[in-house]
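# A closer look at the structure
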Amino acid sequence: MDRTDTHELWEQVLTQVELSVSPANFNTWFQDSTIVKVEEGIVYIGVPSQFFRDWYLKKFNTLLLKIIRDISYEYRNIEYQIVKDVARKVKEVRRQPRPTVEMPLDDFYINKSDNLNPGYTFETFVVGSLNELAYTAAKAAIERPGITYNPLFIYGDTGRGKTHLIQAIGNQYKKTYPNRKVFYLTSEKFAVDYTDSLQQGTANRFKDKYRQYDLLIMDDIQFLSKKEKSQEELFHLFNALYDNNKQIIFSSDRSPVAISDIAERLKGRLASGMTIDIGEPDHESRIAIVRKKIASHGITLSDEVTEYIATAVAGSIRELEGVINSVVCHTQVKGVPPDIAEVRQSLRSFSRPQKTVSVKHVVSKIAEFYGIDEESIYEKTRRREVVRPRQVIMYILREDFSVSYPTIGTKLGGRDHTTVIHSCEKVKREVSSDTELAKEIQDIRSLLV
């Protein structure tokens, strides 16, 4: 295996490591390592020091061994070699051209002046039914910045595209208003900058820096929880920008009122403009995401593989992108996209620990709750008194226990997975507006604890 091939293998490993460790761990331990060679089924990983070697053996060996064995059965073991100039060699290999398919370089280069990733644009954002309102509001904020939807607060669970969308606002703003200043940062970075300015006696310089921007985008605002001094500084910064009609964008994993340990006056400012939730993408949106992101790399997958990826990866969009990156790496290494068997093998390493559940137990409890015969759930009947409980069972198995659509269909009388998808999406839509159904599901969940 030549150097380019070992580099591609390491990139494929890193794609999956990044989903399993924290960003801080990933950046600390995996940026200056690489695969130096593969011989007789042993993968030799080059590390920069004895300390790194010991830490890999203690903390990451089991994870790395699982990943490489999932990639191919030909890899039997891992050994670590101390290579003093491994960091330089990693950089040299990364500069070499890749075969077959190129990853868009813009996705890896962050603009140092504004912290924006050029790859995050409105054009690359996949719009679906559950993020359409957020997308529309984001575009509207650019048309009359500082006036319409100010501040704009976008929230939702991790991995639903919030960072992509708010950075897309920044990138479009730069094109629309080239003479204005935009800046993106996380709330954690803001707090660190503020603390450093106090320690270094440069608080006034800190204030002047952040008040100069025409558009300020702050990600993960929930991390200011309990940071009282940083909250106070943000409160004053908010007022200064808002009073001068400067646009402010926030994101969080929860709504402003749900963020704990945030001063009420700051919480009021966060909620004073437009607040929009980004929901979990539905099945059609997930298929669209897979197709669009795969196509951006010049790759075409079969409908069967696309459907399987969109159905099998039950986590966030970020996890879906992790699988897509794995597909891209496979195509780079082998020259052809993976078939369905290879994708199934690859997805094993993306599976997450799940709450254990007996499908029969869930069926029994819900059938008892609705007062129907348990056996009727498995029958091919369309009687309303059976259909509704069956759909709720499917919804609970999927939402609460992450059971795959095909497995649910098989366990409940051999139904097609598309029927399960339809049932789950139907209940998900109805539960947001039907208070009686929402109460029923709440009561059912209490029975399954």
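Structure report, in brief.

Let us look at the nonpolar core. One finds V362, I393, I396 and L412 to be the most contacted residues of the largest nonpolar core, which totals 26 residues. Contributing elements (two or more residues each) for this core: α15 (359–370), α16 (384–401), α17 (405–411), α18 (417–431) and α19 (435–448). Broken down by element, the residue count for this core peaks at 7 residues, all from α16. Non-local contacts of I393, meaning those with residues more than four positions away in its chain, are made with V362, V363, I366, I377 and L412.

As summarised here, the arrangement of the 3 strands in space is β1-β2-β3, forming an open sheet in which the pairing is mixed. Two strands in the sheet have a free side with no partner beyond their single neighbour: β1 (34–39) and β3 (77–82). Pairs of neighbouring strands in the sheet enclose a mean axial angle of 30°, with direction left out of account. In terms of strand pairing, β1 meets strand β2 (residues 42–47) through 5 bridges, oriented antiparallel. The residue bridging K37 from the neighbouring strand is Y44, located in β2. Contacts from helix α3 (residues 50–71) reach β2 and β3, with the element oriented near 155° to β3.

Here we take up the pairing of strand β4 (residues 152–155). Two elements, β4 and strand β7 (residues 247–252), share 4 bridges in a ladder whose sense is parallel. Paired with L152 across the two strands is I249, which belongs to β7. Pairing analysis gives 4 bridges linking β4 to strand β8 (residues 274–277), with the strands arranged parallel. Each bridged residue has a counterpart across the sheet, and for L152 the counterpart in β8 is M274.

What counts and what doesn't
- Residues numbered from 1 in each chain as written.
- Predicted model: local features only at pLDDT ≥ 70, side-chain atom pairs only at ≥ 80, totals over all residues.
- Heavy atoms only, no water.
- Core = buried A, V, L, I, M, F, W, Y, C linked by side-chain atoms within 4.5 Å.
- Buried < 20%, exposed > 50% of the residue type's maximum accessible area, 1.4 Å probe, protein only.
- Helix = DSSP H or I, 4+ residues; strand = E, 2+ residues; numbered from the N terminus.
- Contact = heavy atoms within 4.5 Å.
- Pairing = 2+ DSSP bridges.
- Axes fitted to C-alpha atoms, helices over the stretch in contact; angles between N-to-C directions.

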